[in-house]
Amino acid sequence: MEVQIISKHIVKPSSSTPQHLRTYVLSLLDQLAPPVYIPMILFYSETGDGNSCQKSHRLKTSLSKTLTHFYPFAGRLKDGFSVDCNDEGASFVEANVAGEMSMILEEPDMHKLEKLLPCKPHDVSPEISSQVILAAQVNHFACGGMAVSVCIWHAIGDASAVASFLTSWAAIARGSSDDIEGVISDCTSLFPPQDVSSFSLRNFFNEDLLSKITMKRFLFNSSKLATLREEIGNSSCLDPPTRFEAVAALIWKAVMAETEEENGDETKTNEINVATIAVGLRKRMIPQLPKLSIGNIYQVAMANCSTNDDKLVDYNGLATKLHESIGKMNNDYVRMIHAGGRYFQFLKKKGEELGKNPNLMKVFGFSSWCRFPFYEADFGWGKPSWVTTALKLHKVAIFIDSKDGEGIEAWVCLPKEDMVKFEQNPGMCAYSSFKPST
């Protein structure tokens, strides 16, 4: 698939950021965010109203207006503690794609999706202060369809913040921006920043490690998902489990089956499997944080399971473990674990333990972007026909709603040799498919 760049611009906020807002302080959770861009791609079918130049102009001018509300996105990282909101701007790229949009929609391929992004998600500038925080790319297909992609540096916002930015940008493009408020929320009192220079996640995002990872999409449509939820709910205390709990339990069990087969019985008794779950906190804190607020406002929950306990490694037991771990993440618990900097000390201790004994735990991560309003991003020519990401991580599954809002598309990242066995897992074959996204 050939993608030809036709223009590159730096788009600055339409209004200058006031002097008293020129420094945006990062919270501890921002400081601990993975050193990557969060990429999102929104596909729009050809509508026949307006040519590509008009649409690009609307996107560019509305982006400038949107950056006045999301002004840290137009700044530059100053140090490990703050963003210089200097209005230097965001990158805006226009490109033509040779071919039909259907070639991607019918058979999603990570290599093709990455070509539609304005930058590589793992690109880190040697001089961080010169790196853009936000980059956007408008891709025009020969069929008249369009793909709008954004990459936002993770330290400035989580997936919820990316959704807020996209829907706000779309609202401004339509001329409707009355409800854009509460974008900037200072979370440093909840999660005070600390010196995290001794703690780095970069080893999990190096090119050598990620080159061994493959990322594939597994579609759980509404009917198959309903059956899975009912099966788990009928034989457990969950009545029924949530969509996330059901699909995560299925995937976690399939991942553990691969680990068990790989290691044999020798390490089974000592092995602990850990599922990490990114739990959004905006609605869980008291008082609730603004819905559109940027930043990383989520807490990682951990569910543990020993493979030698057969009662805990069936779908019901795993779904219950996930449910209990997520349920702990309420206002009181989050405030307690962050009091006195204890959370960061806990992370450092766990990191040291894993460094001494890397085989002690088998960790797999889950991040659910379901219920985020990506499919509401209408720039004036209709809602997206498909929404996806292109973020390759190490042993992680990212969940996104299917277009109908009832199913789940799970993008699973595993070592290439493990993926071959994973996609042949009986549970995965029974409940997921590789059908087109449309």
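Residues numbered from 1 in each chain as written. Predicted model: local features only at pLDDT ≥ 70, side-chain atom pairs only at ≥ 80, totals over all residues. Heavy atoms only, no water.

A few points about the overall build of the chain
Right, on to step 1. Looking only at helices and strands, one finds 13 helices and 15 strands in the chain.
Right, on to step 2. Relative to its length of 438 residues, the chain is compact, with a C-alpha radius of gyration of 22 Å against a globular reference of 22 Å.
Right, on to step 3. Along the first, second and third principal axes, the C-alpha atoms of the chain reach 60 × 50 × 40 Å.
Right, on to step 4. Each of the 438 residues in the chain was classed as buried or not, and the buried ones make up 54%. (Helix = DSSP H or I, 4+ residues; strand = E, 2+ residues; numbered from the N terminus. Rg over C-alpha atoms; globule rule 2.2 N^0.38 Å. Buried < 20%, exposed > 50% of the residue type's maximum accessible area, 1.4 Å probe, protein only.)

With respect to the pairing of strand β6 (residues 90-97)
Right, on to step 1. Counting buried residues in β6 gives seven out of eight residues, a clear majority hidden from the surface.
Right, on to step 2. Across eight bridges, strand β1 (residues 3-11) lies against β6 in antiparallel orientation. For V3, the partnering residue across the bridge sits in β6 and is V97.
Right, on to step 3. Of the pairings in the sheet, the one linking β6 to strand β7 (residues 134-141) comprises seven bridges and is parallel in character. Bridging across to β7, F92 finds its partner in A136. (Pairing = 2+ DSSP bridges.)

Let's talk about the domain arrangement of the chain
Right, on to step 1. Examined at the domain level, the chain breaks down into domain 1 (2-174) and domain 2 (202-431).
Right, on to step 2. For domain 1 versus domain 2, the separation of C-alpha centres amounts to 26 Å.
Right, on to step 3. On the side of domain 2, 43 residues touch domain 1, which itself brings 56 residues to the contact.
Right, on to step 4. Roughly 4,200 Å² of surface becomes buried between domain 1 and domain 2 when both sides are summed, with 70% attributable to carbon and sulfur atoms.
Right, on to step 5. By the criterion of area lost to domain 2, the three top residues of domain 1 are L29, Y44 and M110, representing 15% of everything that side buries.
Right, on to step 6. Where domain 1 packs against domain 2, one counts one salt bridge.
Right, on to step 7. Across the pair R282 and D158 runs a salt bridge, and its minimum N-O distance is 3.0 Å. (Domains from an automatic or database assignment. Contact = heavy atoms within 4.5 Å. Buried area = accessible area lost by both parts, 1.4 Å probe. Salt bridge = Lys/Arg side-chain N within 4 Å of Asp/Glu carboxyl O.)

Details of helix α2 (residues 52-69)
Right, on to step 1. Its 18 residues place the ends of α2 26 Å apart at the C-alpha level, agreeing with the 26 Å of an ideal helix rising 1.5 Å per residue.
Right, on to step 2. Those residues of α2 lying buried are K55, S56, L59, S62, L63, S64, T66 and L67.
Right, on to step 3. On its buried face, α2 is in contact with β1, β6, β7, β8 (146-153) and α5 (159-174).
Right, on to step 4. Put simply, N51 is the residue that caps the front of α2, since its side-chain oxygen is 3.1 Å from the backbone nitrogen of C53. (Expected span 1.5 Å × (residues − 1). Polar contact = N/O pair within 3.5 Å; in protein donor to acceptor, adjacent residues only side chain to side chain.)

Some points on unusual backbone geometry
Right, on to step 1. The amide bond that connects I286 to the next residue, P287, takes the cis arrangement and shows omega of -5°.
Right, on to step 2. Here P287 shows up in the loop between β10 (272-280) and β11 (298-306).
Right, on to step 3. Phi at K395 is positive, roughly 55°, even though this residue is not glycine.
Right, on to step 4. As for its position among the elements, K395 is in the loop between β13 (386-389) and β14 (396-401).

Points about the sheet that holds β7
Right, on to step 1. Spatially, six strands are ordered β1-β6-β7-β8-β3-β13 in an open sheet, and the strand pairing comes out mixed. At either end of the open sheet lies a strand with only one pairing partner, and these are β1 and β13. Here the strands of the sheet are splayed against their neighbours by 15° on average, with no regard to which way each runs.
Right, on to step 2. Where strand β3 (residues 37-44) meets β8, eight bridges bridge the pair, whose relative direction is antiparallel. Among the inter-strand pairings, M40 is bridged to a residue of β8, identified as V150. (Axes fitted to C-alpha atoms, helices over the stretch in contact; angles between N-to-C directions.)

Brief notes about the sheet that holds strand β15 (residues 408-415)
Right, on to step 1. Across the sheet, which stays open at both edges, the six strands sit in the order β9-β15-β14-β12-β10-β11 with mixed pairing between neighbours. The sheet is open, and its two edges are formed by β9 (213-220) and β11, each paired on a single side. Taken over all neighbouring pairs, the strand axes of this sheet differ in orientation by 20° on average, direction set aside.
Right, on to step 2. Across seven bridges, the pairing between β10 and strand β12 (residues 361-368) is parallel. Paired with I272 across the strands is M361, a residue of β12.

Examining the side chain of S91
Right, on to step 1. If you trace the backbone, S91 turns up in strand β6.
Right, on to step 2. Looking at S91, the relative accessible area reads 16%, which means it is buried.
Right, on to step 3. Once you skip the residues sitting within four places of it in the chain, S91 turns out to touch H9, I10, V132, L134, A135 and A136.

Describing the pairing of β14
Put simply, side chains in a regular strand alternate between the two faces of the sheet.
Right, on to step 1. In terms of burial, β14 is largely enclosed, as six of its six residues are buried.
Right, on to step 2. Pairing geometry for β12 and β14, over four bridges, is parallel. Paired with G365 across the two strands is V396, which belongs to β14.
Right, on to step 3. One ladder, built from six bridges, connects β14 with β15; its direction is antiparallel. Note on β15: the bridge partner recorded for I398 is W411.
Right, on to step 4. Taking the residues that link successive antiparallel strands as the turn, the β14-β15 hairpin has six residues, and the phi of G405 there is positive, at about 80°.

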